[in-house]
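Each chain, letter by letter, is given below.
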Amino acid sequence: MKGTFQRKYLGIPYALYLLVFVILPLVVIVSYAFTDSNGKPGIGNLLNFFTDPNTLGTLVYSLVLAFVTTLICLLIAYPVGYLLAMSSIRSKGAILMLMIMPMWINFTLRITALKELLTMFEGNLAFHPFMNSVIGMTYDFLPFMILPIYNQISRIDKSLLEAAADLGADPTQAFIRVMLPLSMPGVISGISMVFLPAMTNYVVLDMLYNSTYIMGSLIGSYFSAYDWHGGSMISLILLIMICLFTLLAGKDESQGNVRGGSVL
Amino acid sequence: MKKIIAVLFSVIVFISVIPPLPASAANEDVLTIRVCNWEEYIDEGGWDEEEVIDLESGDIFGETALYEEFEDWYYENYGQRVHIEYSCFGTNEELYNMLTLGDEFDLVAPSEYMIMKLLAEDRLVPFSDDFFDEENELNYYIRNVSPFIRETFESNEINGEYWNRYAACYMWGVVGFLYNPEAVSEEDVSTWNILVNEDYRRQMTLKDNVRDSYFATLGAIKGDLLLSDDFRNDPDYHERLAEEMNDTSPETVEGALTFLQQAKDNVYSFETDSGKADMVTGKVLVNLQWSGDAVYAMDQAEEEDFELDFSVPEECTNLWFDGWVMLKDGIGDSAEKQRACEAFINFLSRPDNAVRNMYYIGYTSSIAGGTDGDQIIEYIDWTYSAEEDEEDTVEYDLGYFFDGSLYGEDAGEGSGEYILTVPEEQTRRQLFAQYPPREVTDRSAIMRYFDSEANARINQMWICVRCYNIGKINAAGWVAIALAIVIVISAAVYMRLKEKRVKDVKVNRRPLRIRQPR
């Protein structure tokens with residue numbers, strides 16, 4: 001019967017949300033990015049970004065900071081996720097909860113606490129701004145790396161490892177040829193959840209006394225100088241980078257066949 | 001699909017035609033006034049019993065928020081019901097962006113340079129003539145404002161429009177250094193050059209705000225000139241000082257860049273709000289600070305049983321004001337809105353209410369009192385005066401603020417009625433910060449708003465200070481970055497290829513032979 005409720009109507013609230021809070025702002029950003037302060041269209045803002053050694057330096061600084069943070073998160077999170085998923089201890093849930101518990105508390109509070117802790121260990125924080133920023137970001141983002149890796153590994157069919165052993169693989173070989181490829185989708189989704197936010201999470205830097213701008217604070221400084229055009233362009237460039245990254249990562253994830261198809 | 005779009009569209013149309021609900025729909029003759037003020041910049045009441053300020057002229061106590069009390073006061077005196085829709089902003093720039101992006105307010109309280117910007121853009125409504133009528137007993141502002149403030153507002157203009165026509169001063173102060181006297185000598189902290197003093201390496205904070213940092217920088221790089229006797233004794237000293245401290249020429253901005261880059265490597269951080277707490281917990285020793293926040297931090301330190309002092313560098317200081325202005329966008333032609341806004345300013349200017357604000361937020365009110373009560377000077381006396389048996393006391397003259405004059409033969413002199421006897425330490429503590437003496441305001445300059453060209457130049461300078469310059473990466477750095485990129489890319493490519501290989505593998509299976517049961 002026509003006019004009755006259809007299931008697809010359930011999508012309407014979200015479609016509205018999408019329109020008002022995602023599509024519309026995006027249109028505004030794009031229109032600001034490609035105009036100058038007199039409203040004349042052009043790519044002046046784009047050229048400014050790629051010719052100014054300060055903005056380029058900020059991009060490199062943010063990328064390096066995010067890269068180091070991601071690497072350290074990965075080095076800590078993978079063993080934890082692996083051990084937790086493979087072990088047969090009964091208190092697994094409790095340990096996992098300990099890992100994600102910090103996520104329930106607002107991160108500015110957590111960083112404030114971290115600041116006091118670090119001051120206790122290091123004394124004056126201002127001498128190692130980069131290191132402190134990495135510690136702060138790692139502290140902030142670690143759960144986002146552990147969870148997807150743990151989930152992925154615990155979904156792997158353990159009989160695949162037994163099969164590898166049956167076929168003569170020693171534990172190292174089994175790990176490299178079976179475990180690692182199968183856990184990759186978790187690793188990749190963990191990376192995308194850490195790397196991208198780490199490029200813009202300037203509050204951590206502010207609170208831990210790193211006075212160097214990263215992408216997030218750079219955009220903020222443009223806005224507080226009333227230069228919405230330059231700020232929008234930087235946001236747009238960041239957005240495009242994020243899109244490229246998710247495009248690359250997302251493809252892998254969709255093919256992540258937990259049942260072992262890709263090991264064969 | 002079409003139907004969905006139609007539904008979507010109708011919902012959007014429906015939403016956009018619903019009129020916004022008025023604050024109190026039931027009572028239509030309530031006038032709503034939208035006020036936007038700095039965060040924590042008004043007495044919001046709820047004081048403890050023991051917080052009563054017991055002055056000779058009566059007790060002062062904050063029970064409910066001043067903006068709520070105003071509603072009843074206005075009804076009693078003007079016979080009209082108003083509702084104050086009170087909201088807050090965090091920085092002048094934030095307020096400006098809010099106004100530009102379409103938020104509507106009737107009355108806001110930005111700083112002097114933002115007032116000048118709004119005035120230059122013709123967005124302010126001038127006060128009515130009645131606002132300046134000293135005969136009207138409800139005009140607390142004009143009857144009680146300090147002559148020091150009043151004359152400053154009467155003598156500063158932008159494009160020929162004098163401030164006092166458009167703005168009523170709310171709070172004011174200077175900028176200086178909050179410091180820990182046990183570790184920092186008074187001499188070191190009496191110059192802006194302490195920011196590059198290596199003795200305090202990584203133990204000072206600057207403001208994360210280009211205007212305050214730029215002012216401090218100008219004070220440091222122009223120090224020799226500003227301190228020279230020739231300059232000090234020039235009959236046009238104040239004009240010349242104002243000119244020097246508003247210098248935005250390319251050469252000066254260049255010099256400021258060099259200084260700030262040096263300072264950035266020497267200070268602990270650029271802070272917005274954490275400076276006070278870091279002073280109290282002892283993380284830093286010197287903190288560039290506004291006088292009102294310094295008062296707050298010194299009070300906090302006292303509670304923790306140690307001492308923080310305030311110093312204003314010898315070169316000069318930044319005299320700043322926050323003032324109430326009415327916006328064209330909000331008020332329009334509405335005479336009754338304008339009357340209510342002006343009454344709101346007057347209500348806050350009643351001396352007892354000014355005391356409540358000062359007690360609550362720590363900043364200094366523009367109100368001196370006198371005509372409608374002596375609560376202000378009584379409050380200062382109540383807070384800071386020495387006990388009778390105290391030995392180490394000094395006389396502290398506040399005449400310039402209460403009944404002095406900026407101009408004429410007795411400029412800077414008061415009648416001598418406003419001299420307090422205070423403990424000696426108060427000459428560098430809360431009293432000094434809250435009511436700086438005449439010699440401090442004498443070496444102060446107002447920092448005006450910069451035109452868009454100068455603004456762009458200074459902001460670019462600030463970005464240079466704060467950003468990591470790509471030129472600073474050395475050869476080894478580039479090699480490391482290149483290596484990282486190569487590793488990441490080759491890992492991605494390897495995974496891709498492997499996947500492809502896996503997909504391309506052809507498995508030749510023998511067809512299953514299932515033995516059929518006979």
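Residues numbered from 1 in each chain as written. Chains lettered and ligands numbered in written order. Predicted model: local features only at pLDDT ≥ 70, side-chain atom pairs only at ≥ 80, totals over all residues.

What about the overall build of chain B?
Phase 1: For chain B, the helix and strand inventory stands at 22 helices and 20 strands.
Phase 2: Burial status across chain B gives 42% buried among its 518 residues.
Phase 3: Put simply, 76% of the contacts in chain B that link residues at least 6 apart link residues at least 24 apart. (Helix = DSSP H or I, 4+ residues; strand = E, 2+ residues; numbered from the N terminus. Buried ≥ 20, exposed ≤ 12 C-beta atoms within 10 Å, placed from the backbone. Contact = placed C-beta atoms within 7 Å.)

Details of the confidence of the model for chain B
Residues and elements named next belong to chain B.
Phase 1: On average, residues of chain B score 89 in pLDDT, and 90% of them reach the 70 mark or higher.
Phase 2: In this model residues 21-26 is a low-confidence stretch, pLDDT under 50, and it forms 5 contacts with partners more than four residues away in sequence or in other chains.
Phase 3: Reported confidences for the modelled complex are a pTM of 0.86 and an ipTM of 0.83. (pLDDT = per-residue confidence, 0-100.)

Considering the interface of chain A and chain B
Phase 1: The interface of chain A with chain B comprises 29 residues on the first partner and 28 residues on the second.
Phase 2: Within the residue set of the side of chain A that touches chain B, elements represented by two or more residues are helix H1 (12-33), helix H3 (53-86) and helix H10 (215-224) of chain A.
Phase 3: Top contributing element to the side of chain A that touches chain B by residue count: H3(A), with 9 residues.
Phase 4: Its residues placed into classes, the side of chain A that touches chain B shows 16 nonpolar, 12 polar and 1 charged. (Nonpolar A, V, L, I, M, F, W, Y, C, P; charged D, E, K, R; others polar.)

Focus: the pairing of strand E1 (residues 31-38) of chain B
Residue and element names in this part refer to chain B.
Phase 1: The buried count for E1 comes to 6 of 8 residues, which makes it a mostly enclosed element.
Phase 2: One ladder, built from 8 bridges, connects E1 with strand E4 (residues 82-89); its direction is parallel. Pairing of asparagine 37 across the sheet is with cysteine 88, part of E4.
Phase 3: Two elements, E1 and strand E5 (residues 107-108), share 2 bridges in a ladder whose sense is parallel. The residue bridging cysteine 36 from the neighbouring strand is valine 108, located in E5. (Pairing = 2+ DSSP bridges.)

Side note on the domain arrangement of chain B
Residues and elements named next belong to chain B.
Phase 1: Parsing chain B into structural domains produces domain 1 (26-171 + 322-375) and domain 2 (175-318 + 443-466).
Phase 2: Computed over C-alpha atoms only, the centres of domain 1 and domain 2 are separated by 29 Å.
Phase 3: Taken residue by residue, the interface counts 10 residues in domain 1 and 8 residues in domain 2.
Phase 4: Broken down by element, the residue count for the side of domain 1 that touches domain 2 peaks at 4 residues, all from helix H4 (residues 112-120).
Phase 5: Classifying every residue of the side of domain 1 that touches domain 2 gives 5 nonpolar, 3 polar and 2 charged. (Domains from an automatic or database assignment.)

Considerations on helix H15 (residues 335-349) of chain B
Phase 1: Helix length check: H15(B) (15 residues) gives 21 Å between terminal C-alpha atoms against 21 Å at 1.5 Å per residue, within 8%.
Phase 2: Restricting attention to buried positions, one finds in H15(B) the residues B:Lys337, B:Gln338, B:Ala340, B:Cys341, B:Glu342, B:Ala343, B:Phe344, B:Ile345, B:Asn346, B:Phe347, B:Leu348 and B:Ser349. (Expected span 1.5 Å × (residues − 1).)

Examining the nonpolar core
Phase 1: With 191 residues, the main nonpolar core has B:Val286, B:Val325 and B:Phe344 as its most contacted residues.
Phase 2: For this core, the leading source of residues is helix H6 (residues 129-155) of chain A, giving 11 residues.
Phase 3: Both of domain 1 (26-171 + 322-375) and domain 2 (175-318 + 443-466) of chain B provide at least three residues apiece to this core.
Phase 4: Sequence-distant contacts of B:Val325, defined by excluding residues within four places in its chain, comprise B:Val108, B:Ile115, B:Leu118, B:Leu124, B:Tyr166 and B:Ala167. (Core = buried A, V, L, I, M, F, W, Y, C linked by C-beta atoms within 7 Å.)

Quick notes on the packing of helix H7 (residues 210-221) of chain B against helix H11 (residues 250-266) of chain B
All names here are of chain B.
Phase 1: Interaxial distance between H7 and H11 falls to 10 Å at its minimum, and their mutual angle equals 100°. Our classification of the angle between H7 and H11 gives roughly perpendicular. Of the residues in H11, those in contact with Ser213, Tyr214, Thr217, Leu218, Ala220 and Ile221 of H7 are Gly255, Ala256, Phe259 and Leu260.
Phase 2: Across the contact of H7 with H11, the residue classes break down as 7 nonpolar, 3 polar and no charged. (Axes fitted to C-alpha atoms, helices over the stretch in contact; angles between N-to-C directions. Parallel < 35°, antiparallel > 145°, perpendicular 65-115°, else oblique.)

Regarding the sheet that holds strand E13 (residues 286-290) of chain B
By way of backbone hydrogen bonds, the strands of a sheet pair with one another, either parallel or antiparallel.
Residues and elements named next belong to chain B.
Phase 1: Ordered in space as E12-E11-E13-E10-E14, the 5 strands form an open sheet in which the pairing is mixed. Edge strands, defined here as strands with exactly one partner in the open sheet, are strand E12 (269-271) and strand E14 (309-311). Each adjacent strand pair in this sheet contributes to an overall mean axis angle of 35°, direction not counted.
Phase 2: In this sheet, E12 lies alongside strand E11 (residues 204-207) in parallel orientation, the contact comprising 3 bridges. The residue of E12 that forms the bridge with leucine 206 is phenylalanine 270.

Remarks on the environment of B:Phe344
All names here are of chain B.
Phase 1: Tracing the chain through its elements places phenylalanine 344 in helix H15.
Phase 2: Among the residues examined, phenylalanine 344 registers 25 C-beta atoms within 10 Å and is labelled buried.
Phase 3: Sequence spacing of phenylalanine 344 and aspartate 293 is 51 residues, and the spatial spacing of their C-alpha atoms is 25 Å.
Phase 4: Not counting chain neighbours up to four residues away, the residues in contact with phenylalanine 344 comprise Ile33, Val35, Phe70 and Leu107.

Points about unusual backbone geometry
Phase 1: One non-glycine residue, A:Tyr209, adopts positive backbone phi at about 65°.
Phase 2: You can see A:Tyr209 is positioned in the loop between helix H9 (202-207) and H10.
Phase 3: Judged by local crowding, A:Tyr209 falls into the buried class, with 27 C-beta atoms found within 10 Å.
Phase 4: With a phi angle near 60°, B:Asp122 is a residue other than glycine that sits in the positive phi range.
Phase 5: You can see B:Asp122 is positioned in the loop between H4 and strand E6 (124-125).

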